[in-house]
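Observations on the three-dimensional arrangement
These are the residues of each chain, in order.
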Amino acid sequence: MKQEHRGAFTSNFGVMMAVAGSAVGLGNVWRFPYMAGMNGGAAFLLLYLAMILMVGLPLILAEFSIGRASRRGAVGAFKVLAPGKRWYLIGYIAILAGFTIMGFYSVIAGWTIRFLSEAINNSFAGQSMSEITGSFNNFVDSGYKPMLLSIGFIAMCGAIVLSGVEKGIERYNKILMPVLIVILVFLCLNSLTLDGFGAGMEFLFKPDFSKITTQTVLDALGQVFFTLSIGMGVMITYSSYVTKKENMVRSKVIITLIDTSIAILAGIAIFPAVFTFGISPTQGPELVFVTLPNVFAQMAGGYFVAILFFILLTIAAITSAVSIIEMMVAFFIEEYRMTRRRAVITICSMIIGMSTLCALSQVSGSSIRVFGLNLFDLLDVVSSNYLLTFGGLTIALFTGWIFNKEKLFNVFTCGGRYTVWLFPVFLFIIRYISPIAVSLIFLSKLGLV
Ligand code: TRP
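Below, the structure is looked at part by part.

Cut-offs and rules
- Residues numbered from 1 in each chain as written.
- Predicted model: local features only at pLDDT ≥ 70, side-chain atom pairs only at ≥ 80, totals over all residues.
- Heavy atoms only, no water.
- Phe/Tyr/Trp six-rings, centres within 6.5 Å; stacked < 30°, edge-to-face > 60°.
- Helix = DSSP H or I, 4+ residues; strand = E, 2+ residues; numbered from the N terminus.
- Buried < 20%, exposed > 50% of the residue type's maximum accessible area, 1.4 Å probe, protein only.
- Lys NZ or Arg CZ within 6 Å of the ring centre and 35° of its normal.
- 1 Å grid on protein atoms, 1.4 Å probe; cavity = no way out; pocket = protein on both sides within 12 Å on 5 of 7 lines; lining within 4 Å.
- Points joined across faces, edges and corners; volume = space filled by probe spheres on them.
- Nonpolar A, V, L, I, M, F, W, Y, C, P; charged D, E, K, R; others polar.
- Near = heavy atom within 4 Å.
- Polar contact = N/O pair within 3.5 Å; in protein donor to acceptor, adjacent residues only side chain to side chain.
- Areas by Shrake-Rupley, 256 points an atom, 1.4 Å probe, with all protein chains shown as cover.
- Sits in = over half its atoms within 2 Å of the grid points.

**Some details on the packing of aromatic side chains**
Evaluation of the coordinates by the stated rule reveals 39 aromatic pairs. Seen in terms of ring centroids, phenylalanine 296 and phenylalanine 309 are 5.8 Å apart; in terms of plane orientation they differ by 50°. Their pairing is tilted. Taken together, the residues phenylalanine 296 in helix α13 (residues 287-298) and phenylalanine 309 in helix α14 (residues 302-336) connect sequence positions 13 residues apart. Accessibility expressed as a relative area gives 3% for phenylalanine 296, which makes it buried. If you follow arginine 114 out to its NZ or CZ, it ends over the ring of phenylalanine 115, 5.0 Å from the centre. Taking the ring centre of tryptophan 401 as reference, the NZ or CZ of arginine 431 above it sits at 4.2 Å.

Here's what the structure looks like:
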């Protein structure tokens, strides 16, 4: 196999930022609050945290081990590690998941860009809640506006992937991520001044266990996969670019902590406002977009904070989308021997097709519906709750039972150098706990247990 197309990160810090850039995205700021809102808040948060430990963190480590040991992308990795077996089919599910996720992800990223331009035009100031919501609904309902913005977003991401992993991704993430955290903390402090602060905090942190249904558990699991970018080989691909040996476990624990903290900060920034402005927490995907403009409108210096916030969210979305596209590009380059350029163009054109359908499916009365849901909602739920989780289940089984144990030990501990004591714990979790947890959730959803 030719190696010259493969990128390589130049520093450990750069890798860490690229992986964090993949994990931190719309999943934390847009998807987490909307999922938590629909599933009763604190009960969802609790399940989510439990599943980060039982499934999320172990799977990031598993994917990293697979990529490190094979130095190939999502399909090639399994061909190298289990030659002659069909495990590489996992990689094809990953590619399918990639297209599905990008289809709606780029639409939401388009919404973010629209809010950025509204923020720059100062359109939130002096508007009532119903005006802000009304103009947003008109925008979504127009169909072509979200469609064009999502195409613009995909083109931007394509351009970055074209310029290569090291240059495109490493550089920006280092600066932007810390700034995003600062802004979120600022928004959380602002939440303290809102009337709905108490109600919002109670919603987010005081669990009502009667709210837990099998759907809540499945949604929490899907959210864990989505937010950590696992279950579809993105982490396999990224870890195959790591040239220097790093303490893998430590950096992945840090990334998981950062990602989880950002989601919780987003929750603290949003739920007090939801209760202050009388918005329903069960809104669905629009939640963040109808809530935050009201916060900015009433806040001192809200004009600048809004602009900065939407710039950062757009960039967070770009670094995540780039990781998905990169995973697919690596696949086309390795399996079909395409040039990077050709792979990027092919993939981005296909994603544009998907995202156009998604954007148009949100126009009211649209006939782009499957099983009674509009395509957008369907892809969002199906990809996280089923494709990623199924991919994750098979990756866990592969790592626990098929992956040569000595090799796994070597990549996990960096040749016996780091976190040796953790290896048996990891092996136990990835063999038993993660697959059983995911299977049980599937079975209970099907009504079988
Ligand atoms: N984790 C990203 C977010 O939270 C989205 C994302 C990037 C992703 N790469 C992924 C989701 C791979 C699933 C799989 O916004």
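**Quick notes on empty space enclosed by the protein**
Tallying each qualifying case throughout the model produces two cavities of 30 Å³ or more. Surrounding the largest cavity, 19 residues form its lining, Ser22, Ile101, Phe226, Ser229 and Ile324 being those nearest its centre. Of all elements in the fold, only α1 (12-23), α2 (26-38), α5 (89-120), α10 (214-227) and α14 reach the threshold of two or more residues within the lining of the largest cavity. Split by residue class, the lining of the largest cavity holds eleven nonpolar, eight polar and no charged. Each pocket or cavity is described by its volume, and for the second largest cavity that value is around 80 Å³. Lining the second largest cavity are Gly21, Val24, Asn173, Leu176, Met177, Leu180, Leu312, Ile315, Ala316 and Thr319. Mapped onto the lining of the second largest cavity, the elements with two or more residues apiece are α8 (165-191) and α14. Taken together, the residues of the lining of the second largest cavity sort by class into seven nonpolar, three polar and no charged.

**A word on the site of the ligand**
Around the ligand sit 17 residues, and of these Ala23, Gly27, Tyr105, Phe226 and Ser229 come closest. Within the backbone of glycine 27, an N or O atom sits 2.8 Å from an oxygen atom of the ligand. In the environment of the ligand, a nitrogen atom lies 3.2 Å from a nitrogen or oxygen atom belonging to the side chain of serine 323. Alone, the ligand offers 360 Å² of accessible surface; in the complex the protein occludes 100% of this. More than half of the atoms of the ligand fall within 2 Å of the grid points belonging to the largest cavity. Tallied by class, the residues present in the shell around the ligand amount to nine nonpolar, eight polar and no charged.

**Considerations on the side chain of serine 22**
Within the element layout of this structure, serine 22 appears in helix α1. On the basis of relative accessible area, serine 22 is assigned to the buried category, the value being 3%. A polar atom in the side chain of serine 22 sits 2.9 Å from the side chain of serine 323.

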